[in-house]
Amino acid sequence: MKRVFTSKRISQFILYFALASSIASIVCLLAFQLFPKFSGEAYTGQSFYKTLNTGWSLIKEDGTRQVLDLPAVADIHSGERLIIENTIPDYVQDNMVLLTRSSRQNIHIYVDGNLRSEYVTENLKFWVRNVPSAYVFIPVSRSDAGRKIRIETWGSSSFFNNIQPVIVAQASSAWNHLWTRYGIVVFSIFLLLLCGVISVV
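*Asks:* I would appreciate a short explanation of the packing of aromatic side chains in the present structure.
*Replies:* The description of an aromatic ring pair uses the distance of the two centres, along with the angle that the planes make with each other. Tallying each qualifying case throughout the model produces 0 aromatic pairs. A cation sits over an aromatic face here: Lys 50 above Tyr 91, 4.6 Å from the ring centre. Over the aromatic face of Trp 154 sits the side chain of Arg 81, whose NZ or CZ is 3.8 Å from the ring centroid.

*Asks:* Sorry if this is basic, but what is going on with the pattern of salt bridges here?
*Replies:* Opposite charge on two side chains makes pairing possible when the charged atoms of those side chains draw close. Scanning all chains against the criterion turns up 7 salt bridges. Residue Arg 81 is joined to Glu 152 by a salt bridge in which the shortest nitrogen-to-oxygen separation is 3.0 Å. On the criterion of sequence distance, the pair formed by Arg 81 in the loop between β4 (72-73) and β5 (82-87) and Glu 152 in strand β10 (residues 148-154) is long-range, its members being 71 residues apart. On the basis of relative accessible area, Arg 81 is assigned to the partly exposed category, the value being 35%.

*Asks:* What is the right way to look at the sheet that holds strand β12 (residues 167-170) in this model?
*Replies:* Strand pairing in a sheet is mediated by backbone hydrogen bonds. Such pairs are either parallel or antiparallel. Taken together, the 4 strands give an open sheet; going across it, the order is β1-β12-β6-β9, and neighbouring strands pair in antiparallel fashion. Looking along the sheet, the strands with just one partner apiece sit at the ends: β1 (50-51) and β9 (134-140). Pairing analysis gives 7 bridges linking strand β6 (residues 96-102) to β9, with the strands arranged antiparallel. When the sheet's bridge partners are listed, Thr 100 is paired in β9 with Val 136.

*Asks:* Looking at this model, I keep getting lost on the pairing of β12. Mind explaining?
*Replies:* Every other side chain in a regular strand lies on the same face of the sheet, so the side chains alternate between the two faces. Pairing of β1 with β12 involves 2 bridges; the strand directions are antiparallel. Bridged to Thr 51 within β12 is Ile 167.

*Asks:* Got a minute to help me understand the side chain of Ser 103 in this structure?
*Replies:* With respect to the helices and strands, Ser 103 occurs in the loop between β6 and β7 (106-111). Residue classification places Ser 103 among the buried positions, given a relative accessible area of 4%. At a separation of 2.8 Å, a polar atom in the side chain of Ser 103 contacts the side chain of Gln 164. Leaving out residues up to four positions away in the same chain, Ser 103 has contacts with Ser 133, Ser 157, Phe 159, Asn 162 and Gln 164.

About the criteria used
- Residues numbered from 1 in each chain as written.
- Predicted model: local features only at pLDDT ≥ 70, side-chain atom pairs only at ≥ 80, totals over all residues.
- Heavy atoms only, no water.
- Phe/Tyr/Trp six-rings, centres within 6.5 Å; stacked < 30°, edge-to-face > 60°.
- Lys NZ or Arg CZ within 6 Å of the ring centre and 35° of its normal.
- Salt bridge = Lys/Arg side-chain N within 4 Å of Asp/Glu carboxyl O.
- Helix = DSSP H or I, 4+ residues; strand = E, 2+ residues; numbered from the N terminus.
- Buried < 20%, exposed > 50% of the residue type's maximum accessible area, 1.4 Å probe, protein only.
- Pairing = 2+ DSSP bridges.
- Polar contact = N/O pair within 3.5 Å; in protein donor to acceptor, adjacent residues only side chain to side chain.
- Contact = heavy atoms within 4.5 Å.

Shown next as structure tokens:
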């Protein structure tokens, strides 16, 4: 009896193949995280980033300064703009980035008084009351060494006074850091979504 390949069979085959590929990818990613010595260059790239969590100053509304180490919860009131400052270290090179995370906060980042990066509600294409949490990249170069970096955040969420760690890294190393930390989560979400689609089909 000749088998007829209907559109439904073809779609099921594609979905099953995607499911198997996703499972294999998750297994490989998990293996690289558990046994990093086998992951080669992708793992060694992590050594190129450093934290910049000391030497920060919290600038309050009255102009007073408070020394902070990150991460921290700032002693400010709701509605105040959270402002911290530091000096960009002298080891930064061209094609490097500073990386920090917005905890449902609008964020402006200035280097030497000039706006270098931002993540604000107005730039999103959909209406939201509070911006979702997101990582923010700040491009820097060798000429930025020794300059002042100023981070300003504001928002109405319960995380208005949270300050996240700051990382200095090559751009590729920063992405590798995020992938190593959250890659398995992304694949797991995709796998769940795929299973839901297959169950419907």
